[in-house]
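A look at the structure
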Amino acid sequence: MAMTNRQVAAVLQEIGQLLDIHEENPYKVRAYERAAELVGMLDRPVATMGEDDLQAVPGIGKALAEKILAIAATGTCPERDRLLAATPSGLPALLALQGVGPKTVGRLWKVLGVEGIDDLEAAARNRRVRALKGFGPKKEQEILRAVEEARKGAERMTVAEAGLIAAAILAVLPGEARVAGSLRRGRSTVGDIDIVTSALPGPANRALRAIAESVVEEGEKKTSLRIRGRQADIRYARPGEEGAMLLYLTGSKAFNIRLREIARTQGMRLNEYGLTDMATGRISVYRTEEEVFAALGMAPVPPELREDRGEVECALRGDLPLLVDETDIRGDLHVHSDWSDGAMSLDAIAAAGEERGYEYVLVTDHSASLGIARGLDASRLQKQQEAIRRVNRTASCTLLSGVEVDILADGRLALPSTVLDDCDLVVASVHSAFRQDADTLTRRVIAAMEHEQVDIVGHPTGRLLGRRPATAIDMARVIDAAALTGTALEINASPVRMDLDDIYIRQAKEKGVKLAIGTDAHSSAELSHIGHGVALARRGWCSAGDVLNTCRRADLPGRCQ
Ligand code: DGT
Ligand code: CA
Ligand code: CA
Ligand code: ZN
């Protein structure tokens, strides 16, 4: 179990926070924070280093080196295990709340006996938090809001989590099965998992029981279960009759309601079993969704569009847009290498791109500035560009040299424009001062877009699903500025970001703004997240022409020629 430096750094950070919760010596706390930063900045994976190599790093002594090696090998160390044993298991999760740090958590626990998010909510509602020295009613309100946000996030899952659970269910069902619901529609988050199967209910229910945490409801038509802390609904359809069931369970609810209206105006009743002719009472069943759409006189609507946002009218007229498809994608426009905080070498990125059949991958390591481990300064960026040229001599997938440059709090960029001039494409992103007010944040990002060298704005709203809300940025103004400056907006396809989301993508597309899909991959497996970004682009009604990554390398903007 060799851990990456990033993972080791996260564990060191966690130990620091646990010590802080326990109000231990601040110097000790600081030592772990510092160690996390140091490990984040190392050139080599700590897993491949010996104790002597580590101790040669300024700031790492013998005791720390031992702990780092233990963490790299096992994921934990005795110090962490001791701390975890002495801490209520619900406490570390409180650190994820906006505005709640280790010191706050420690006091809430020691003074008010708060041991988890439920306790905290109760304490805040009962106005016990404001009684703590230095807290007050305003802080109490903030805590309640943060709890609410966290609950919202925890209720819905990422598409990655939903995909894994769905795959586990599909694997055990003894018959044909299809994913439906919001997961099939490509929504950025998923409430519960919906599956349609033509497997026989008896054997299927037996198989499901074996993998479920608990069975909520079990039947011949429908079974609901809890699995890995989540809910899944399985609907049974007879073989050869799955069409109407898949259509129904895919939704959305608003789309289903429109389809039923359309059926009614044609003298038919639509439900999950088929179409009933109201004059004769005869029911027609369908093997596929396409056949149901055809019976309603409509073109088949791609699942990603089924939200009743104008697609029903288009399907009736037969002028649905031709949506971008994953096969149109010629490259990834946001990938990190081991030159900053990624795990892949440049060669590994080229190989991974080649494996996916890409023409190019844009390497976008972080610029050097506060808060980001191992960012590139001008001279390392230049060295990286030389290294990229060397890789490109033999690789069939071309590495484009880019950078993910920080947009500083005042709208300046973390690297000078002369340096950015040497990049093929430049992504500019906000990584700090997320809590600025709407106007400041919006002006800040627009200022960055006005730099001639900036081609793409990375993860424009800055949200981290379940962890951090979107910034106060005014996307309507940003979209107008993007149109004016010819800057593309990113669709960050990382399952924890999914940023931009569908509504903004559609607004951008309608103003002629190009969208750039990037996985923000830090490892080769994460390149496969591109599909989530394509799904979002489709939900934003994008055709291939709206998406930058469908361009041949020679047609990309920036300085790619
Ligand atoms: P989610 O789970 O919140 O991410 O969103 P969905 O769309 O997967 O919603 P879910 O799981 O509640 O229901 C799955 C599908 O079943 C939904 O997309 C459409 C259909 N459906 C659910 N409730 C109703 C309803 O009251 N009327 C109609 N016509 N269809 C419904
Ligand atoms: Ca669902
Ligand atoms: Ca459901
Ligand atoms: Zn970023």
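Please refer to the structure higher up on the page.
Now for a description of the structure that goes with this document. (Residues numbered from 1 in each chain as written. Chains lettered and ligands numbered in written order. Predicted model: local features only at pLDDT ≥ 70, side-chain atom pairs only at ≥ 80, totals over all residues. Heavy atoms only, no water.)

**Focus: the coordination of the zinc ion (ligand 4)**
How we decide: Metal sites are built from N, O and S donor atoms within 2.8 Å, or 3.2 Å for Na, K and Ca, and they leave out water, so they may look incomplete. Starting at the N terminus, helices and strands are each numbered in turn, a helix being any DSSP run of H or I of at least four residues and a strand any DSSP run of E of at least two. The buried label goes to any residue with under 20% of its type's maximum accessible area, the exposed label to any with over 50%, and the partly exposed label to all in between, with areas taken from a 1.4 Å probe on protein chains only.
Donor atoms from the polypeptide that bind the zinc ion (ligand 4) are Glu-404 (OE), His-431 (NE2) and His-459 (NE2), placed at 2.1 to 2.3 Å. All donor residues of the zinc ion (ligand 4) come from one chain, and their arrangement in sequence is E-x26-H-x27-H. Placement of Glu-404 in strand 13 (residues 398-406) and of His-459 in the loop between strand 15 (456-457) and helix 21 (475-485) is noted, with a sequence separation of 55 residues between them. The pair formed by Glu-404 and His-459 is uniform in burial state, with each residue classed as buried.

**A short note on the site of ligand 1**
Worth spelling out the cut-off: One heavy atom within 4 Å of a molecule or strand makes the whole residue count as near it. Identification of polar contacts relies on pairs of N or O atoms within 3.5 Å, with a donor-acceptor requirement for protein atoms, meaning one able to donate a hydrogen and the other able to accept it, and with residues adjacent in sequence counted only if both atoms are side-chain atoms. Accessible surface is estimated by sampling points in the Shrake-Rupley manner with a 1.4 Å probe; for residues, cover comes only from the protein chains shown. When residues are grouped by polarity, Ala, Val, Leu, Ile, Met, Phe, Trp, Tyr, Cys and Pro land in nonpolar, Asp, Glu, Lys and Arg in charged, and all others, Gly among them, in polar.
Every one of the 15 residues lining ligand 1 counts as a neighbour, but Arg-156, Ser-182, Arg-185, Gly-191 and Asp-192 are closest to it. Interatomic distance of 2.8 Å between a side-chain N/O atom of Arg-156 and an oxygen atom of ligand 1. The separation between an oxygen atom of ligand 1 and a polar side-chain atom of Asp-192 is 2.8 Å. Contact with the protein chains hides 71% of the accessible area of ligand 1, taken as 600 Å² for the molecule alone. Those elements that place two or more of their residues in the shell around ligand 1 are helix 11 (181-185), helix 13 (242-250) and helix 14 (253-265). Residues that form the shell around ligand 1 fall into these classes: three nonpolar, seven polar and five charged.

**Looking at the sheet that holds strand 14 (residues 425-429)**
Using the following cut-off: A pair of strands is treated as paired once DSSP finds two or more bridges between them. Contacts are assigned to residue pairs with any non-hydrogen atoms lying within 4.5 Å of each other. Here, axes are lines fitted to C-alpha atoms. For helices the fit covers the stretch in contact, and angles between N-to-C directions go from 0 to 180 degrees.
Across the sheet, which stays open at both edges, the seven strands sit in the order 11-12-13-14-15-16-17 with parallel pairing between neighbours. One side of each edge strand has no neighbouring strand; the edge strands of this open sheet are strand 11 (331-335) and strand 17 (515-518). Across three bridges, strand 11 lies against strand 12 (residues 360-363) in parallel orientation. When the bridges of strand 12 are listed, Val-335 appears paired with Val-363. In this fold helix 23 (residues 530-539) packs onto strand 11, strand 16 (488-492) and strand 17, with an angle of close to 155 degrees to the strand it touches most, strand 17.

**With respect to the packing of aromatic side chains**
Selection rule: Between rings of Phe, Tyr and Trp, where Trp is taken as its six-membered ring, a pair exists when centres lie within 6.5 Å; planes separated by under 30 degrees are stacked, by over 60 edge-to-face, and by other angles tilted. The rule is short: NZ of Lys or CZ of Arg within 6 Å of the ring centre and within 35 degrees of the ring normal puts a charge over the ring.
The full count for this structure, using the stated rule, is one aromatic pair. The ring of Phe-434 has Arg-468 sitting right over it, with the charged end atom 3.7 Å from the ring centre.

**Here's the deal with the sheet that holds strand 2 (residues 177-180)**
The strands that make up a sheet pair up through hydrogen bonds in the backbone, lying either parallel or antiparallel. With mixed pairing, the five strands of this open sheet are ordered in space as 2-4-7-6-5. Pairing within the sheet leaves two strands with one partner each, and these edge strands are strand 2 and strand 5 (214-217). With strand direction ignored, the average angle separating the axes of adjacent strands in the sheet is 25 degrees. In this sheet, strand 7 (residues 230-236) lies alongside strand 6 (residues 222-227) in antiparallel orientation, the contact comprising six bridges. Note on strand 7: the bridge partner recorded for Ile-227 is Arg-230.

**Examining the pattern of salt bridges**
Where charged atoms from two side chains of opposite charge come close, those side chains can pair. Selection criterion: A carboxyl oxygen of Asp or Glu within 4 Å of a side-chain nitrogen of Lys or Arg is what we treat as a salt bridge.
As enumerated under the stated definition, the model contains 41 salt bridges in all. A salt bridge links Glu-272 to Arg-235; the shortest N-O distance between them is 3.3 Å. Taken together, the residues Glu-272 in the loop between strand 8 (268-270) and strand 9 (275-277) and Arg-235 in strand 7 connect sequence positions 37 residues apart. In this pair, the class of Glu-272 matches that of Arg-235, namely buried. Salt-bridge contacts for Arg-443 lead to Asp-439; the nearest nitrogen and oxygen are separated by 2.7 Å. Here the residue Arg-443 and the residue Asp-439 both occupy positions in helix 20 (residues 438-449), the gap between them amounting to four residues, near one helical turn. The exposure class assigned to Arg-443 is exposed, which follows from its relative accessible area of 53%. Assessed through its relative accessible area of 33%, Asp-439 is described here as partly exposed.

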